[in-house]
Amino acid sequence: MCIFCKIAANEFGTQFLYEDENVLAFRDLDPRAPTHILIIPRKHYENIDELTNADPALVGELFAAASSLAISEGLTGHRTVFNTGESAGQSVFHAHLHLLGGRSFAWPPG
Ligand code: 5GP
Ligand code: ZN
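So, here's what we can say about the structure.

What counts and how
Residues numbered from 1 in each chain as written. Chains lettered and ligands numbered in written order. Predicted model: local features only at pLDDT ≥ 70, side-chain atom pairs only at ≥ 80, totals over all residues. Heavy atoms only, no water. Helix = DSSP H or I, 4+ residues; strand = E, 2+ residues; numbered from the N terminus. Buried < 20%, exposed > 50% of the residue type's maximum accessible area, 1.4 Å probe, protein only. Polar contact = N/O pair within 3.5 Å; in protein donor to acceptor, adjacent residues only side chain to side chain. Contact = heavy atoms within 4.5 Å. 1 Å grid on protein atoms, 1.4 Å probe; cavity = no way out; pocket = protein on both sides within 12 Å on 5 of 7 lines; lining within 4 Å. Points joined across faces, edges and corners; volume = space filled by probe spheres on them. Pairing = 2+ DSSP bridges. Axes fitted to C-alpha atoms, helices over the stretch in contact; angles between N-to-C directions. Salt bridge = Lys/Arg side-chain N within 4 Å of Asp/Glu carboxyl O. Near = heavy atom within 4 Å. Areas by Shrake-Rupley, 256 points an atom, 1.4 Å probe, with all protein chains shown as cover. Sits in = over half its atoms within 2 Å of the grid points. Nonpolar A, V, L, I, M, F, W, Y, C, P; charged D, E, K, R; others polar.

Below, the discussion takes up the side chain of histidine 36. For histidine 36, the location among the structural elements is in strand 3 (residues 35–41). Owing to a relative accessible area of 5%, histidine 36 belongs among the buried residues under this scheme. A distance of 3.0 Å separates a polar atom in the side chain of histidine 36 from the backbone nitrogen of arginine 32. Filtering out sequence-adjacent residues up to four positions away, histidine 36 remains in contact with Arg27, Asp28, Asp30, Pro31, His98, Leu99 and Leu100.

The volume enclosed by the largest pocket comes to roughly 860 Å³. Around the largest pocket sit 30 residues that line it, and Asp28, Arg32, His36, Asn83 and His98 are the ones nearest its centre. Those elements that place two or more of their residues in the lining of the largest pocket are helix 1 (3–8), strand 2 (23–27), strand 3, strand 4 (78–81) and strand 5 (97–101). When residues of the lining of the largest pocket are assigned to their parent elements, the largest contribution, 3 residues, is made by helix 1.

What the 5 strands build is an open sheet, ordered 1-2-3-5-4; its pairing is antiparallel. Only two strands of the sheet have a single partner each, and these edge strands are strand 1 (18–19) and strand 4. The pairing of strand 2 with strand 3 spans 5 bridges and is antiparallel. Its bridge partner lying in strand 3, leucine 24 is registered against isoleucine 40. Seen against the sheet, helix 3 (residues 56–72) touches strand 1, strand 2, strand 3, strand 4 and strand 5 and runs at an angle of roughly 155° to strand 3.

This part covers the pattern of salt bridges. Tallied over the entire structure, the rule returns 3 salt bridges. A salt bridge links arginine 42 to glutamate 19, with the nearest nitrogen and oxygen atoms 3.2 Å apart. Pair noted here: arginine 42 is in the loop between strand 3 and helix 2 (48–54) and glutamate 19 is in strand 1, with a separation of 23 residues, a long-range link. Taking relative accessible area as the criterion, arginine 42 reaches 29% and is therefore assigned partly exposed. One salt bridge connects arginine 32 with aspartate 30, and the closest N-O pair in it is separated by 3.1 Å. Assessed through its relative accessible area of 55%, arginine 32 is described here as exposed.

A few words now on the site of ligand 1. Of all residues adjacent to ligand 1, which total 16 residues, the nearest are Asp28, Asn83, Gly89, Ser91 and His98. Asparagine 83 is positioned such that a nitrogen or oxygen atom in its side chain is 2.9 Å from an oxygen atom of ligand 1. In isolation ligand 1 offers 520 Å² of accessible surface; the protein chains occlude 81% of this area. Among the detected pockets, ligand 1 sits in the largest pocket. Those elements that provide at least two residues to the shell around ligand 1 are helix 1 and strand 2. Among the elements that make up the shell around ligand 1, the one with the highest residue count is helix 1 (3 residues). Considered class by class, the residues forming the shell around ligand 1 number 7 nonpolar, 6 polar and 3 charged.

So this is what it looks like as structure tokens:
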């Protein structure tokens, strides 16, 4: 079982900031911004491409959770990111949406 599947199974007692039937959100272990939340499907998909092909509506559910978390975190701006593949910085191969906020972000990203 992958690390995010274990988190979803609540093996570590992770605090969920948002949860419903299909979606979970929790704070990143190694935050890169004052707010850094990971939003994941409960079901395992390797990356956003696989998830989009299998269940496009679920992609919308992840972004809806991100929007409501941005409000509950009091963010005035935020960045949402899917890293896909090692070359793009993906290190956990269970699709996850990063929600980052609480500071300024450079463009383009590195
Ligand atoms: P990626 O690099 O795949 O886009 O993002 C994976 C993210 O998961 C990283 O930001 C990393 O800090 C985070 N992460 C890895 N393992 C754990 C964990 O066990 N718990 C939490 N909360 N975050 C994790
Ligand atoms: Zn998984």
